[in-house]
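These are the residues of each chain, in order.
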Amino acid sequence: IIITSKFLIELFIKRGWMKNSRLIYFRKNWTRVIKGALLKYFCIGFTQVAILGMWEFFERDSPAVIVLAVIYIIVILGLMVWSAYRTWYFGRQSTLAYQNPAALLYGDERVFTKFGWFYSMFNAPFYWWGGIVLSYSFVKALFVALAQNSGMTQALAIFILELIYFSALIYFQPYLDKRTNVLNILIQTVNLVNSFLFMFFSDLFGQPAAVASI
C-alpha cells in the first residue's frame, strides 16, 4: 500500500493532478516509513514466531520446516536485537551530546520514523525499556517452547518471570504517563494471577484434588 501510494502520488504530480508541494514529508521519507512499519510488524509477531520456531525443534515435522524455523528465528531475533541496539545507541548519543535522550530520539525525524515504534510509548529516560519487554517475551517463549515435557517447570518459570516483570513495572513505571503505567500494571496483574493459577493447577504443590477443585 505504501509503495503503491508513493508511485500514484508521483504519477498524479507528473500529470498535473496534484500540486508538487503536497505530501512532501511522505514522498521524501517513504522508504523509512516502510522500514519502520516492517520492523513494527516483526515486533508484533516476535513472541509467536519465537515460540513456534523453537517448538518445531521438538515437533520436527520435516527437515525443511526445521530449516524454515531456524531462518525465521534468526531473522526476527536479529532484527529485534538490532532495533534495540540502534535505539540504545541514539539515546546514548543524545544523552552525551544534549544531556537528554529525547533530543535525538524525538528530534531527529529519521530516527523517529524508523525506530519510534520501539520507544515512543515509554518515558524518555526509559527509552531502553523496549529491550526489557523483548527479553521478557523471549525468555517466556524459551520455557513455553523448550520445556514441553515438564508442565511444572513451565508453570514455575513463567510465574517467576511474571513476578519479576510485575515488580519492575511497579518500581520503574516506564510508560509515558500515569494512566498508561496504571493500565499496564493492571494488565500485568492479570498475567501474574493467571501464571499463579497455572502453577497451582500444575500440581506443583501436590495439593489434594479437592483443594484444586475448590
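Residues numbered from 1 in each chain as written. Predicted model: local features only at pLDDT ≥ 70, side-chain atom pairs only at ≥ 80, totals over all residues. Heavy atoms only, no water.

(A) Quick peek at the overall build of the chain. Across its full length, the chain carries 10 helices and zero strands. Sequence-ordered secondary structure for the chain, helices as α and strands as β, is α-α-α-α-α-α-α-α-α-α. The C-alpha radius of gyration computed for the chain amounts to 22 Å, which surpasses the reference 17 Å derived for 214 residues by more than 25%, pointing to a less compact arrangement than a globule. With respect to the three principal axes, the spread of C-alpha positions in the chain is 80 × 50 × 35 Å. Within the span of the chain, comprising 214 residues, buried residues form 34% of the whole. Considering only contacts within the chain whose residues lie at least 6 apart along the sequence, 57% involve residues at least 24 apart. Accessible area for the chain stands at about 13,400 Å²; split by element, carbon and sulfur atoms hold 68% of it. (Helix = DSSP H or I, 4+ residues; strand = E, 2+ residues; numbered from the N terminus. Rg over C-alpha atoms; globule rule 2.2 N^0.38 Å. Buried < 20%, exposed > 50% of the residue type's maximum accessible area, 1.4 Å probe, protein only. Contact = heavy atoms within 4.5 Å. Areas by Shrake-Rupley, 256 points an atom, 1.4 Å probe, with all protein chains shown as cover.)

(B) Layout of the nonpolar core. Ranked by size, the top nonpolar core spans 14 residues in total, and within it Trp129, Tyr165, Leu169 and Tyr175 carry the most contacts. Breaking this core down by element, the ones donating at least two residues are helix H7 (129–146), helix H8 (151–172) and helix H9 (178–201). Setting aside residues up to four positions removed in sequence, tryptophan 129 forms contacts with Phe122, Tyr165, Ala168, Leu169, Phe172 and Pro174. Counting residues in each nonpolar core, the second largest holds 13 residues, with Met80, Phe90, Leu105 and Leu134 among its members. (Core = buried A, V, L, I, M, F, W, Y, C linked by side-chain atoms within 4.5 Å.)

(C) Spotlight on the pattern of salt bridges. By the definition in use, this model includes four salt bridges. Ionic pairing is found between arginine 27 and glutamate 10, a salt bridge with its closest N-O pair at 3.2 Å. In this pair, arginine 27 sits in helix H2 (residues 24–44) while glutamate 10 sits in helix H1 (residues 2–15), placing the two residues 17 residues apart along the sequence. Taking the relative accessible area as the measure of exposure, glutamate 10 reaches 26% and is therefore partly exposed. Salt bridges sharing partners connect three or more residues here, namely Lys6, Glu10 and Arg27. (Salt bridge = Lys/Arg side-chain N within 4 Å of Asp/Glu carboxyl O.)

(D) Layout of helix H4 (residues 63–98). For H4, spanning 36 residues, the distance from its first C-alpha to its last is 52 Å, which sits close to the expected 52 Å at 1.5 Å a residue. Residues of H4 that are buried include every one of Ala69, Ile73, Ile76, Met80, Ser83, Thr87, Phe90, Gly91 and Ser94, and no others. Looking at the buried side of H4, the elements it contacts are H2, helix H3 (46–59), helix H5 (102–107), helix H6 (109–119) and H7. One or two positions beyond H4, positive phi appears at glutamine 99, with a value near 60 degrees. (Expected span 1.5 Å × (residues − 1).)

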